[in-house]
Amino acid sequence: MKTINFTPLKDRVLVKRVDQEEKTPGGIIIPDTAKEKPMIGEVLAVGAGVRNDNGVLQPLDVKVGDRIYFAKWGGNEIKLNGDEYTILKESDILGILR
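What counts and what doesn't
Residues numbered from 1 in each chain as written. Predicted model: local features only at pLDDT ≥ 70, side-chain atom pairs only at ≥ 80, totals over all residues. Heavy atoms only, no water. Phe/Tyr/Trp six-rings, centres within 6.5 Å; stacked < 30°, edge-to-face > 60°. Lys NZ or Arg CZ within 6 Å of the ring centre and 35° of its normal. Pairing = 2+ DSSP bridges. Helix = DSSP H or I, 4+ residues; strand = E, 2+ residues; numbered from the N terminus. Axes fitted to C-alpha atoms, helices over the stretch in contact; angles between N-to-C directions. Salt bridge = Lys/Arg side-chain N within 4 Å of Asp/Glu carboxyl O. Buried < 20%, exposed > 50% of the residue type's maximum accessible area, 1.4 Å probe, protein only. Polar contact = N/O pair within 3.5 Å; in protein donor to acceptor, adjacent residues only side chain to side chain. Core = buried A, V, L, I, M, F, W, Y, C linked by side-chain atoms within 4.5 Å. Contact = heavy atoms within 4.5 Å.

A few words now on the packing of aromatic side chains. Evaluated as defined, the whole model comprises zero aromatic pairs. The residue whose ring lies beneath Lys16 is Tyr85, and the NZ or CZ to ring-centre distance is 5.2 Å.

Structure (structure tokens):
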């Protein structure tokens, strides 16, 4: 795996989308033009968190290495070293896959 020199700020996380299946369960091959972007990804970096009303830093609920399910249209796409990543706010993350 490549080293990523990127640290998200506050409540943001850097995610690498997990590749989607090439075939349906029935064996039909899905062409690239018909594929939707996957909504499952692996967390590669997390921000420090946000401060609450008392000024105490609240860390994020996700950590590096977590596999997450996130909102279909959430986040911003970026390219780092030729690879595509998504930056999400923690509120765009729907859950952690176990």
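It is worth spelling out the pairing of strand β2 (residues 40–46) at this point. Relative to β2, strand β1 (residues 12–17) runs antiparallel, the two sharing five bridges. For Val13, the partnering residue across the bridge sits in β2 and is Val46. Where β2 meets strand β5 (residues 67–70), three bridges bridge the pair, whose relative direction is antiparallel. Note that in β5 the partner of Glu42 across the bridge is Arg67.

Taking strand neighbours across the sheet as the criterion, the six strands line up as β6-β7-β1-β2-β5-β8 in an open arrangement whose pairing is antiparallel. Looking at strand neighbours, the two that pair on one side only are β6 (76–80) and β8 (93–97), the edges of this open sheet. When the angles between neighbouring strand axes are averaged without regard to direction, this sheet yields 45°. Of the strand pairs in this sheet, β5 and β8 are connected by four bridges, and their pairing is antiparallel. Its bridge partner being in β8, Phe70 is matched across the sheet by Ile93.

To continue, consider the pattern of salt bridges. Any two side chains of opposite charge can pair, on the condition that their charged atoms come close. According to the stated counting rule, one finds two salt bridges in the structure shown. Residue Glu77 pairs with Arg17 through a salt bridge whose shortest N-O separation is 2.9 Å. Highlighted residues: Glu77 in strand β6 and Arg17 in strand β1, separated in sequence by 60 residues. On the basis of relative accessible area, Arg17 is assigned to the buried category, the value being 15%. Two residues, Asp66 and Lys63, come together in a salt bridge whose shortest N-O distance is 3.1 Å. You can call Asp66 buried: its relative accessible area is 8%.

Inspection of the secondary structure puts Asp66 in the loop between β4 (57–58) and β5. At 2.9 Å, the side chain of Asp66 forms a polar contact with the backbone nitrogen of Lys63.

What follows deals with the nonpolar core. Formed by Val13, Val15, Val43, Leu60, Val62, Ile68, Phe70, Leu88 and Ile93, the largest nonpolar core amounts to nine residues. Elements with a minimum of two residues in this core: β1 and β5. If near-sequence neighbours (up to four positions away) are discounted, Val43 is found in contact with Val13, Leu14, Lys63, Val64, Gly65, Asp66 and Ile68. The next biggest cluster of nonpolar side chains, apart from the first, holds five residues, and it includes Leu44, Ala45, Tyr85 and Ile87.

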